[in-house]
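Listed below are the residues making up each chain.
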Amino acid sequence: MSRLCEGRVAVITGAGRGIGREYALMLAQHGAKVVVNDLGADPDGRGGDAGPAGEVVEEIRAMGGEAVVNGADVSDFDAARDMIHQAIDTFGTLDILINNAGILRDRMVFSMSETDWDAVVQVHLKGTFAPVHHAAAWWREQTKAGRSFQARIINTASPSGIFGNVGQTNYGAAKAGIAAFTVISAMELVRYGVTVNCIAPSALTRLTAPLMGGADISEEVQETMSPTWIAPIVTWLCSPEAANVTGRVWVVGNGRLGIAEGWVLGPSVPLESQDPTTLHPVVADLMAKAELNADMGGIPAAGPGRPGNEI
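Source: prediction; values computed, not measured.

Definitions and limits used
Residues numbered from 1 in each chain as written. Predicted model: local features only at pLDDT ≥ 70, side-chain atom pairs only at ≥ 80, totals over all residues. Heavy atoms only, no water. Helix = DSSP H or I, 4+ residues; strand = E, 2+ residues; numbered from the N terminus. Rg over C-alpha atoms; globule rule 2.2 N^0.38 Å. Areas by Shrake-Rupley, 256 points an atom, 1.4 Å probe, with all protein chains shown as cover. Pairing = 2+ DSSP bridges. Axes fitted to C-alpha atoms, helices over the stretch in contact; angles between N-to-C directions. Contact = heavy atoms within 4.5 Å. Patch = residues over 30% accessible without salt bridge, like charges linked within 9 Å, V, L, I, M, F, W, Y side chains within 5 Å. Salt bridge = Lys/Arg side-chain N within 4 Å of Asp/Glu carboxyl O. Buried < 20%, exposed > 50% of the residue type's maximum accessible area, 1.4 Å probe, protein only. Polar contact = N/O pair within 3.5 Å; in protein donor to acceptor, adjacent residues only side chain to side chain. Core = buried A, V, L, I, M, F, W, Y, C linked by side-chain atoms within 4.5 Å. Phe/Tyr/Trp six-rings, centres within 6.5 Å; stacked < 30°, edge-to-face > 60°.

Quick word on the overall build of the protein chain
Thought 1: Within the protein chain, the regular secondary structure consists of nine helices and eight strands.
Thought 2: Scaling as 2.2 N^0.38, a compact globule of 311 residues should have a C-alpha radius of gyration of about 19 Å, and the protein chain matches this with 21 Å.
Thought 3: The principal-axis extent of the C-alpha atoms belonging to the protein chain is close to 70 × 50 × 40 Å.
Thought 4: Within the structure as shown, the protein chain displays about 15500 Å² of accessible surface, and the carbon and sulfur contribution to it stands at 54%.

Some details on the sheet that holds strand E5 (residues 151-156)
Whether parallel or antiparallel, the strands of a sheet pair through hydrogen bonds between backbone atoms.
Thought 1: Within the open sheet, the eight strands sit side by side as E3-E2-E1-E4-E5-E6-E7-E8. Their pairing is mixed. Two strands close off the open sheet at either side, each with one partner strand: strand E3 (67-70) and strand E8 (256-260). Strand-to-strand twist in this sheet, taken as the mean axis angle between neighbours without regard to direction, amounts to 20 degrees.
Thought 2: Two strands pair when backbone bridges link them, and strand E7 (residues 249-253) and E8 are joined in this way by five bridges, in the antiparallel orientation. By the bridge assignment for E8, Val252 is matched with Leu257.
Thought 3: Most of the contacts of helix H1 (residues 18-29) go to strand E1 (residues 9-12), to which it runs at about 170 degrees, and overall it touches E1, strand E2 (33-37), strand E4 (96-98) and strand E6 (194-202).
Thought 4: Most of the contacts of helix H2 (residues 51-62) go to E3, to which it runs at about 175 degrees, and overall it touches E2 and E3.

A look at a nonpolar patch on the surface
Thought 1: Taken together, the side chains of Met108, Val109, Phe110 and Val166 make up a nonpolar region of the molecular surface, amounting to roughly 460 Å² of accessible area.
Thought 2: Within the secondary structure, Val109 sits in the loop between E4 and helix H4 (114-144).

Some words on the environment of Gly164
Thought 1: Position of Gly164 among the secondary structure elements: in the loop between helix H5 (159-162) and helix H6 (169-189).
Thought 2: On the basis of relative accessible area, Gly164 is assigned to the partly exposed category, the value being 25%.
Thought 3: Separated by eleven residues in sequence, Gly164 and Lys175 have C-alpha atoms that sit 10.0 Å apart.

Focus: the side chain of Thr128
Thought 1: With respect to the helices, strands and loops of the structure, Thr128 is situated in helix H4.
Thought 2: Thr128 sits in the buried class, given a relative accessible area of 4%.
Thought 3: For Thr128, the side chain forms a polar contact with the main-chain oxygen of His124, separated by 2.7 Å.

Overview of the pattern of salt bridges
When charged atoms on two side chains of opposite charge get close, those side chains can pair.
Thought 1: On inspection of all chains with the given rule, the structure shows nine salt bridges.
Thought 2: Linking Asp78 and Arg81 is a salt bridge whose minimum nitrogen-to-oxygen distance equals 3.4 Å. With Asp78 and Arg81 both in helix H3 (residues 77-91), this residue pair falls three residues apart, about one helical turn.
Thought 3: Overall, the relative accessible area of 41% leaves Asp78 in the partly exposed class.
Thought 4: Overall, the relative accessible area of 34% leaves Arg81 in the partly exposed class.
Thought 5: Taking the shortest distance from any N to any O, the salt bridge between Arg105 and Asp116 comes out at 3.9 Å. Highlighted residues: Arg105 in the loop between E4 and H4 and Asp116 in helix H4, separated in sequence by eleven residues.

Here we look at unusual backbone geometry
Thought 1: Of note in the backbone geometry, Asn254 takes a positive phi value of approximately 55 degrees without being a glycine.
Thought 2: Residue placement: Asn254 occurs in the loop between E7 and E8.

Considerations on the nonpolar core
Thought 1: Core analysis: the biggest nonpolar cluster contains 34 residues, and Val36 and Ile199 have the highest contact counts within it.
Thought 2: Listed by contribution, the elements that provide at least two residues to this core are E1, H1, E2, H2, E4, helix H8 (231-237) and E7.
Thought 3: If near-sequence neighbours (up to four positions away) are discounted, Val36 is found in contact with Ile12, Ala15, Ala24, Ala53, Val56, Val57, Ile60, Ala67, Val68, Val69 and Asn70.
Thought 4: By size, the runner-up hydrophobic cluster in this structure holds 25 residues, among which are Val9, Ala87, Val194 and Val196.

Considerations on the packing of aromatic side chains
Thought 1: Enumeration according to the criterion identifies two aromatic pairs in this entry.
Thought 2: With centroids separated by 6.0 Å and ring planes inclined at 20 degrees, the aromatic side chains of Phe77 and Phe129 adopt a geometry described as stacked. Here Phe77, found in helix H3, pairs with Phe129, found in helix H4; they are 52 residues apart in sequence, far enough to count as distant.
Thought 3: By relative accessible area, which is 35% here, Phe129 ends up partly exposed.

Here's what the structure looks like:
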């Protein structure tokens, strides 16, 4: 088997379990040296345990690979800097950053506490920004000193963030922000040899299992929704073969791989009056012509709380 990431150095956050673990193992199988980050918190972000990250490191070493543990809280700005420089100090460089760490605190918006909102946005959105900031600053500094890179950043959005899901205003808002962050940072970092892509995965993990039936999940669903299906596209995006792929949000899971097409301007008309009483027929015409919002499968669909084509 050809090894797509031979000798490349990767930092992977949230890599102790689930999708992040599969990233770490597959990248190591393809020759990458890996910093396995995981705070080891509970699904809601409370607590901590270095055990899962250590177990992944041992698995990588057992297969002949190189890996080290990092237990940083990725939303801590200084700890994120130290994590990035741990990779550089340990392995001599940095080629890949995968931001995968996350938590869930699902509530309807009227029941969500300020703490539920802040914790989820902190881990997902700031926990993406902080590692990217420090990695990008180092790549920029090194590029100005004459080095060149084929560097990769992979962020993690969610179908909830790009399509919308009831009970996840905090999580969805953070994930939508990560998708926008990806598109913008891809434009900012291209001059330094860095591509930036985003994964919106659907997979069965300890965070999602309770939402998908828990102990009653069938073997067929367990296979179809295994996080092992998410790792191949991420491994490929981390390789030199993906040099011209950037700024994309990849929807992966349920047996499919696709690209999410972002916000586009749909039907529009010239503004001809400042009188709001003239807008009813204008809005009716625009609504009739506009594409429906996508459901969680990415398919345009009307429904409760979703716009239809009539007013």
